[in-house]
Amino acid sequence: MFSVDSLIDVAAVIRRNDVPCCVHPLSHCTPSVLAKSICCHMPGHETTFLVDTVGDALSKGVAAMVAAQPADPVEYLAEWLLRYVEGEKQQVTYLKAKKQQVDQEKRRLAQALEENERQEAESARKAATDGLAATAADPLTLWQTAVRLVKMYTTAAGVYVANIVDDEELDWTAPDDPEADVETDDAADTGAGV
């Protein structure tokens, strides 16, 4: 963007007739030639500053002024530059609003995609558990399927499956007093040596 002070400085240069003439008549100059001809004979860093800040706007304004050839060129250029600044502000506002719209649409689409993925994952889990229930007739297939599903849908590092039978009796029974069993074993060992 450019400041009002820089425009006033350029207007003062133009008013003093310090603007060098182009090789071609002004009506045939392009905006870039006009901007260069205005700034090329200005010494120092001011030239760079003017080209960087107001060069584009000024070259377009001077080109419009040359094309229109108004009775009061300074007034025409001043009004044109004010309209240019207003147009730039409107364009910046429009681009900000458009960017906000695009960002909102991106967020909405990302949320919809995330919800869709979540629903698909839930459907896959439901189908897997239904498939597991269908294999209940064959215990080996049931266990293999269960292990595969646990590994797939959890962060478990390993899975252990056991078949517990309720009807069998245990071969070994636990003693009532664990130390009594130890003493008996010790006495049997020492008695055997006598």
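In this text, all values refer to a predicted model and were calculated from it rather than measured experimentally.

Each value, and the rule that gives it
- Residues numbered from 1 in each chain as written.
- Predicted model: local features only at pLDDT ≥ 70, side-chain atom pairs only at ≥ 80, totals over all residues.
- Heavy atoms only, no water.
- Salt bridge = Lys/Arg side-chain N within 4 Å of Asp/Glu carboxyl O.
- Helix = DSSP H or I, 4+ residues; strand = E, 2+ residues; numbered from the N terminus.
- Buried < 20%, exposed > 50% of the residue type's maximum accessible area, 1.4 Å probe, protein only.
- Expected span 1.5 Å × (residues − 1).
- Contact = heavy atoms within 4.5 Å.
- Phe/Tyr/Trp six-rings, centres within 6.5 Å; stacked < 30°, edge-to-face > 60°.
- Core = buried A, V, L, I, M, F, W, Y, C linked by side-chain atoms within 4.5 Å.
- Polar contact = N/O pair within 3.5 Å; in protein donor to acceptor, adjacent residues only side chain to side chain.
- pLDDT = per-residue confidence, 0-100.

Our focus in this paragraph is the pattern of salt bridges. All told, the structure shown has 5 salt bridges when counted by the stated rule. Residue D130 pairs with K126 through a salt bridge whose shortest N-O separation is 3.5 Å. Of this pair, D130 and K126 both sit in helix α4 (residues 73–134), 4 residues apart, which is roughly one turn of the helix. Relative accessible area serves as the criterion here: at 41%, D130 is assigned to the partly exposed category.

What follows covers helix α5 (residues 139–153). Between its first and last C-alpha atoms α5 spans 21 Å; for 15 residues at 1.5 Å apiece the expected length is 21 Å, and the two agree. Taken residue by residue, α5 has T145, V147 and L149 as its buried positions. Where the residues of α5 are buried, they touch α4.

For the structure on display, the rule yields 1 aromatic pair. Between W80 and Y84, the aromatic rings sit 5.3 Å apart at their centres with planes inclined by 15 degrees, giving stacked as the arrangement. Placement of both W80 and Y84 in helix α4 is noted, with a separation of 4 residues, approximately one turn of the helix. When its relative accessible area of 15% is taken as the criterion, W80 is described as buried.

A57, L58, V62, A64, M65, V66, L77, W80, L81 and Y84 form the largest nonpolar core, which has 10 residues in total. Counting only elements with at least two residues in this core, the list comes to α3 (45–68) and α4. It is α3 that provides the largest number of residues to this core, a total of 6 residues.

Here we take up the side chain of T145. Looking at where T145 falls in the secondary structure, it is placed in helix α5. Among the polar contacts made by the side chain of T145, one reaches the main-chain carbonyl oxygen of T141 at a distance of 2.7 Å. Those residues in contact with T145 that lie beyond four places of it in its chain are L132 and T135.

Residues shown with low pLDDT carry predicted positions that ought not to be read at fine detail. For the protein chain, per-residue confidence averages 75 on the pLDDT scale, and 65% of positions sit at 70 or higher. Here residues 17–29 scores under 50 on pLDDT; set against residues more than four positions off or in separate chains, the count is 17 contacts.

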